[in-house]
Every structure is written in structure tokens, then in C-alpha cells.
Amino acid sequence: MTDQSPEPSARPAPSGELRASHDDREAVVEQLRDAAAEGRIDLDELDARLEQALTSKTQAELAVLTADLPRPNPAGSQLPLVLKGGMYGASRGPGRWEVPGHVIAHGGVGGVKIDFTRVECRLKEVAVEAYGETSGVTIVIPDGWTAETSGMDPGVGGLTDKTTPDRLPGTPLIRLTGSGGAGGVVIRHPSRRELRKLRSNPTPG
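Cut-offs and rules
Residues numbered from 1 in each chain as written. Predicted model: local features only at pLDDT ≥ 70, side-chain atom pairs only at ≥ 80, totals over all residues. Heavy atoms only, no water. Helix = DSSP H or I, 4+ residues; strand = E, 2+ residues; numbered from the N terminus. Buried < 20%, exposed > 50% of the residue type's maximum accessible area, 1.4 Å probe, protein only. Contact = heavy atoms within 4.5 Å. Pairing = 2+ DSSP bridges. Axes fitted to C-alpha atoms, helices over the stretch in contact; angles between N-to-C directions. Core = buried A, V, L, I, M, F, W, Y, C linked by side-chain atoms within 4.5 Å. Parallel < 35°, antiparallel > 145°, perpendicular 65-115°, else oblique. Nonpolar A, V, L, I, M, F, W, Y, C, P; charged D, E, K, R; others polar.

Caption draft 1: Here's a closer look at the overall build of the protein chain. Each helix and strand counted, the protein chain has four helices and ten strands in total. Among the 205 residues that make up the protein chain, the fraction classed as buried is 38%. In the protein chain, of all internal contacts separated by at least 6 residues, the share reaching a separation of at least 24 is 71%.

Now the structure itself:
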């Protein structure tokens, strides 16, 4: 007589024993590079950990590599910063200010300028919604930061992207969406005049 007893069902593996995906490994690699850029680990240790990260097979093996590093702040942990140009315009920067994961700018009649050149931002990505409306929005990012603008509707005023694609380790990506409206949206690095001002007055209040 054939034994009809059911086969034992497979039990789920403990979370630490789950197999690591390409995305899991890439996230750890990015965190390690950020930690090196912040001076938390030296270059020799970075190389060693990167090699282990790329060959790790489980999430437990990956977790060991970042156990002594601070967890990255999630982009959605703060309320969005909303800037409205109104009649007289609005700006944020170039002084030091806390950058949330989400910024919304409405150019209105007076226009909006967002200047990131003096900020210290540890986020991997900052979402910026820019609506040019009547007078436009200007966004200034430091050299070494990059922008992703494919989600932007240029509208009538258009989108002017003067940024370079060379991203430095530990710097955020500005993910720009929204609409140019009539006034347009400009995203760029500091001008020569702005760079001279930064060098002559490096630590404003």
C-alpha cells in the first residue's frame, strides 16, 4: 500500500538567512560609500567591506557590514518644505538650512529660488516639485550633486538643466518633477559670481 502521508511543508527561513538580492547588496554598497565620504571608515576598510558586500549571499552577511554605522534617514521622515512665490517672491538659502526629503516650490508672481550650496544633506535623494507658474523657480545645487529631470513637464516656460552628471560619493540626487508653467524652471550649479561670494564668505550665519 502506497504511503499517502503529506510531505512536510517548507518553513520560511529566518529573516537573517534570507538570500540577498542585487538591490540589497547595492543599498549596502551605497551606505558604505556614504560612510567613507563622511569619514566613518577609511579607504582600506571601505575596500574590504565592499568586497564582502558584493559577495554576500544572505541578508545576515550584509547586516554585519553596516551594524556599526548609523541608519540612513528615510526621505519621508519629515514634512515637506513648501515655498510659495506669492507677490514678492520667496527663497531658501544660501545659508545653512535643514533639507527635508521633499521640497515643493510654487513660483507664483514673485518667483522662488532654492539654494542648496551651503547645506549639509545626508539624504540619498531629495524630491523637489517645482511649478514655475508666472515667474519661475530657480534651483541651485553644489558642484558634485546631480539631478534627475526626466519626470519634469517643461510647460510653456521650459526646463533649463545646466547641471553636470558627475556625482560625488555621499551627495544626494535631486529628483525634479513638476511643471515649468509660464515662468519656467531652472536647475544649475553656482555661477562664477556666486562661487566667488561663497569663497569670500564661507561660513554665513
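Additional details are given in the paragraphs that follow.
Caption draft 2: Region of interest: the sheet that holds strand β5 (residues 125-131). Strand order across the open sheet formed by five strands is β1-β3-β5-β9-β7, with parallel pairing between neighbours. One side of each edge strand has no neighbouring strand; the edge strands of this open sheet are β1 (81-84) and β7 (146-153). Going across the sheet, the axis of each strand differs from the next one's by a mean of 15°, ignoring polarity. Across six bridges, the pairing between β7 and strand β9 (residues 173-179) is parallel. Counted as the bridge partner of Asp153 is Ser179 from β9.

Caption draft 3: Inspection of the nonpolar core at higher detail. Counting residues in hydrophobic clusters, the biggest one holds 25 residues, and the most contacted among them are Ile114, Phe116, Val126, Val128, Ile139, Ile174 and Leu176. If you list the elements that add at least two residues to this core, you get β1, β3 (102-106), β4 (112-115), β5, β6 (137-140), β7, β9 and β10 (185-188). With sequence-adjacent residues up to four places away left out, Ile114 is seen in contact with Leu83, Arg92, Trp97, Val103, Ala105, Val128, Thr138, Ile139 and Val140. Core analysis: the second largest hydrophobic core is formed by 13 residues, Val29, Leu50, Ala53 and Leu69 among them.

Caption draft 4: View of the packing of helix α1 (residues 22-37) against helix α3 (residues 59-66). α3 packs onto α1 with a crossing angle of 5° between their chain directions and a minimal axis gap of 10 Å. Relative to α3, the element α1 lies roughly parallel. For the pair formed by α1 and α3, the contact residues are Asp24, Arg25, Val28, Gln31 and Leu32 on the first element and Gln59, Leu62, Leu65 and Thr66 on the second. Among the residues making up the contact of α1 with α3, the classes are represented as four nonpolar, three polar and two charged.

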